Amino acid sequence: MGWKKYLVLGILFVLPITVYLFFASGVNQFAKLPQLNQQVVLLDGFVDQSGDAVSAIGKISILGFLGQDALSHKAEVFNLAHKIYKKNYQFEDFQMLFLTTKDQDSAVKALQNEFSQIADPINFKVGFADVDALNQVHQQLESPFPLDQLGGSSYVYILDKDAHLRGRTDSEYQEFGIGYNAANYAIINNEMNDDIKIILAEYRLALKKYKSSRKK
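Along helix α4 (residues 131-141), the positions that sit buried rather than exposed are Ala-133, Leu-134, Val-137, His-138, Gln-140 and Leu-141. Buried positions in α4, seen along its axis, are confined to an arc of 155 degrees and lie on one side of it. Opposite the packed face of α4, turned more than 90 degrees from it, sit the exposed residues Asp-132 and Gln-139. The inward-facing, buried residues of α4 abut β1 (35-40), β2 (60-67), β3 (94-101), β4 (124-129), β5 (155-159) and β6 (164-166). Positive backbone phi, approximately 55 degrees, marks Glu-142, located one or two places after α4.

This is the structure we're talking about:
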């Protein structure tokens, strides 16, 4: 019976190490969310309600298009608020940024008031410009999903801190993997939620390594 005792002890000792190495290697292998093109997405001409320029550079951004009818996209905004924003808005380098036209100021204020009942809107940003500027930004994404006639869309996009488009190349729920249909609960709750976790973990890991190297 002695050898069985040592066998059990050996398994109990080795198993946690094996599990740790498995997950550690998994993090290194899968912690990168693919970059989908080489374009830097610039938001030229867009300003917030205070008149300050808005930008996707320096932030992990969820980028969406409200167009000339902001309130018609309320359901998509609130899907994102509940499933994505509420979990991540306290990450200082995260923002949810929607683009709209200058005539939508009152509609945006109404949207922000309702949004604040879900979560602190500190990192919920809106940029204002004209329809041409909306189209120019959308063209930079090289998305297969066009804007509607009012410059709006149900699809949102993940940009990294360098304003590069990130995401998956295919999807279980839509024809193309680029972008996420915020009107589809399954896409937001499953695919986008997972992808946001990956890109945030990627930056947290990079920050942790940077701080560790600084201490040395």
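Turning to the packing of aromatic side chains, a few remarks are in order. The geometry of two aromatic rings is summed up by the distance between their centres and the angle between their planes. Evaluation of the coordinates by the stated rule reveals seven aromatic pairs. Measuring from centroid to centroid gives 6.4 Å for Phe-65 and Tyr-157, while their planes differ by 80 degrees, and the two rings are edge-to-face. Of the two residues, Phe-65 sits in strand β2 while Tyr-157 sits in strand β5, which places them 92 residues apart along the sequence. Residue Tyr-157 is classed as buried on the basis of its relative accessible area, which comes to 0%. With 5.3 Å between their ring centres and 10 degrees between their planes, Tyr-85 and Tyr-89 make a pair best called stacked. Using a relative accessible area of 17% as the deciding quantity, one classes Tyr-89 as buried. An aromatic cluster is present here, built from Tyr-85, Tyr-89, Phe-94, Phe-98, Phe-115 and Phe-124 joined pairwise through their rings.

The buried fraction of β3 amounts to eight of the eight residues, a majority that puts the element mostly inside the structure. Side chains of β3 alternate between two faces, with Phe-94, Met-96, Phe-98 and Thr-100 and Gln-95, Leu-97, Leu-99 and Thr-101 buried alike. Bridge count for β2 against β3 is seven bridges, and the pairing is parallel. Counterpart to Leu-63 in the pairing with β3 is Leu-97. Between the parallel pair β2 and β3, the chain is carried across by helix α2 (residues 74-88), and the sense of this crossover is right-handed. Across six bridges, the pairing between β3 and β4 is parallel. Following the sheet pairing, Leu-97 is matched in β4 by Lys-125.

Below, the discussion takes up the nonpolar core. Leu-80 and Met-192 are the most contacted members of the largest nonpolar core, which totals 36 residues. Listed by contribution, the elements that provide at least two residues to this core are β2, α2, β3, α3 (105-115), β4, β5 and α5 (185-215). Here this core gets seven residues from one element, more than from any other, and that element is α5. Not counting residues within four places of it along the chain, the set of residues in contact with Met-192 comprises Ile-62, Leu-80, Ile-84, Val-156, Ile-158, Tyr-180 and Ile-187. In this structure, Val-41, Leu-141, Leu-147 and Leu-165 belong to the second largest nonpolar core, which totals 21 residues.

Reading guide: rules and limits
- Residues numbered from 1 in each chain as written.
- Predicted model: local features only at pLDDT ≥ 70, side-chain atom pairs only at ≥ 80, totals over all residues.
- Heavy atoms only, no water.
- Buried < 20%, exposed > 50% of the residue type's maximum accessible area, 1.4 Å probe, protein only.
- Helix = DSSP H or I, 4+ residues; strand = E, 2+ residues; numbered from the N terminus.
- Arc of directions from axis to C-beta.
- Contact = heavy atoms within 4.5 Å.
- Phe/Tyr/Trp six-rings, centres within 6.5 Å; stacked < 30°, edge-to-face > 60°.
- Pairing = 2+ DSSP bridges.
- Right-handed = clockwise from strand over helix to strand, strands pointing away.
- Core = buried A, V, L, I, M, F, W, Y, C linked by side-chain atoms within 4.5 Å.

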